[in-house]
Amino acid sequence: SEDSEHSVHSRTMAMVQVAKEEGDVFLSVETGLPVMQLRQMRTFFLFDIDGTLVGTDPLYLQVFTDLLKPFGYVVDLEFYRSNIHGRVDFDIFKGLMPKDWTDEQITAIMKQKDDLFCREVMRQGVQPMPGLLEVLHFARKHGIQCAAISNAPRGACE
């Protein structure tokens, strides 16, 4: 949701701000751990792709709007937040599609959604979330390994 994206953005910016203010002495307000202590521990940053690395909600909103229109759904921001955002695709479609749909039909529409999403990403592109590049620079500077994670299918992540 926008609130959770704002929260992630706020935490990211707080981390960047503290790193700048303290001359990279402390990692973040939340941990308060000195960088030297972090270097002695195995430290990793794990970033969820959607909404943390890149802002994909507008693309997903568009894809679900197009995909669900033939089924009589009007997907506005309210509907998206209530029925789609943050949920696993199978659960989304199981709840929205006709009750007699099989798992194979659900899987097929999930693939269709992923294909539409990938086409839109290729057509429109995506931008990094504000503050992300500073956090990645901080991580590289201090030898902190980073990884992108997601519950989205691999094709959609790539």
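Residues numbered from 1 in each chain as written. Predicted model: local features only at pLDDT ≥ 70, side-chain atom pairs only at ≥ 80, totals over all residues. Heavy atoms only, no water.

Q: Tell me about the environment of F44, and please be specific about residues and values.
A: Following the sequence through the fold, F44 ends up in strand β1 (residues 44-48). Sequence separation of F44 and G143 is 99 residues, and the distance between their C-alpha atoms is 9.2 Å. In this view, F44 contacts I144 and Q145; residues no more than four positions away in its chain are not counted. (Helix = DSSP H or I, 4+ residues; strand = E, 2+ residues; numbered from the N terminus. Contact = heavy atoms within 4.5 Å.)

Q: Help me get a handle on a nonpolar patch on the surface, residues and values and all.
A: Residues F44, L46 and I149 make up a contiguous nonpolar surface patch of roughly 290 Å² in combined accessible area. With respect to the helices and strands, the residue I149 is situated in strand β2 (residues 145-149). (Patch = residues over 30% accessible without salt bridge, like charges linked within 9 Å, V, L, I, M, F, W, Y side chains within 5 Å. Areas by Shrake-Rupley, 256 points an atom, 1.4 Å probe, with all protein chains shown as cover. Salt bridge = Lys/Arg side-chain N within 4 Å of Asp/Glu carboxyl O.)

Q: Residue-level account of helix α5 (residues 89-96), with values.
A: Buried within α5 are the following residues: D89, I92, F93 and L96. What you see down the axis of α5 is that its buried residues fit within an arc of 85°, all on one side. Residues of α5 that are buried in the fold lie against α3 (57-68), α4 (77-83) and α6 (103-124). (Buried < 20%, exposed > 50% of the residue type's maximum accessible area, 1.4 Å probe, protein only. Arc of directions from axis to C-beta.)

Q: Tell me about the environment of L116, residues and numbers included.
A: Its location among the elements puts L116 in helix α6. Residues L116 and F64, spaced 52 residues apart in sequence, show a C-alpha to C-alpha distance of 9.1 Å. Dropping the residues within four chain positions of it, L116 is found in contact with V63 and L67.

Q: For the nonpolar core, give the residues involved together with the corresponding values.
A: Within soluble globular proteins, side chains that are nonpolar generally end up buried alongside one another. By size, the foremost hydrophobic cluster in this structure holds 19 residues, and its most contacted members are F64, L68, V75, I84, F93 and M97. With 6 residues, α3 is the largest single contributor of residues to this core. For I84, the residues in contact, after removing those within four places along its chain, are F64, L68, V75, F79 and I92. Formed by 10 residues, the second largest nonpolar core is a distinct cluster that contains L53, V54, F138 and I144. (Core = buried A, V, L, I, M, F, W, Y, C linked by side-chain atoms within 4.5 Å.)

Q: Hey, could you go over the packing of α3 against α5 for me, with residue numbers and the actual values?
A: Taken N-terminus to C-terminus, the directions of α3 and α5 make an angle of 35°; their axes are 13 Å apart at the nearest point. As α3 runs across α5, the sense of the crossing is right-handed. Across the interface between the two elements, F64, L67 and L68 of α3 pack against D89, I92, F93 and L96 of α5. Looking at the contact of α3 with α5 residue by residue, the classes come out as 6 nonpolar, no polar and 1 charged. (Axes fitted to C-alpha atoms, helices over the stretch in contact; angles between N-to-C directions. Left-handed = near helix turned anticlockwise from the far one by under 90°. Nonpolar A, V, L, I, M, F, W, Y, C, P; charged D, E, K, R; others polar.)

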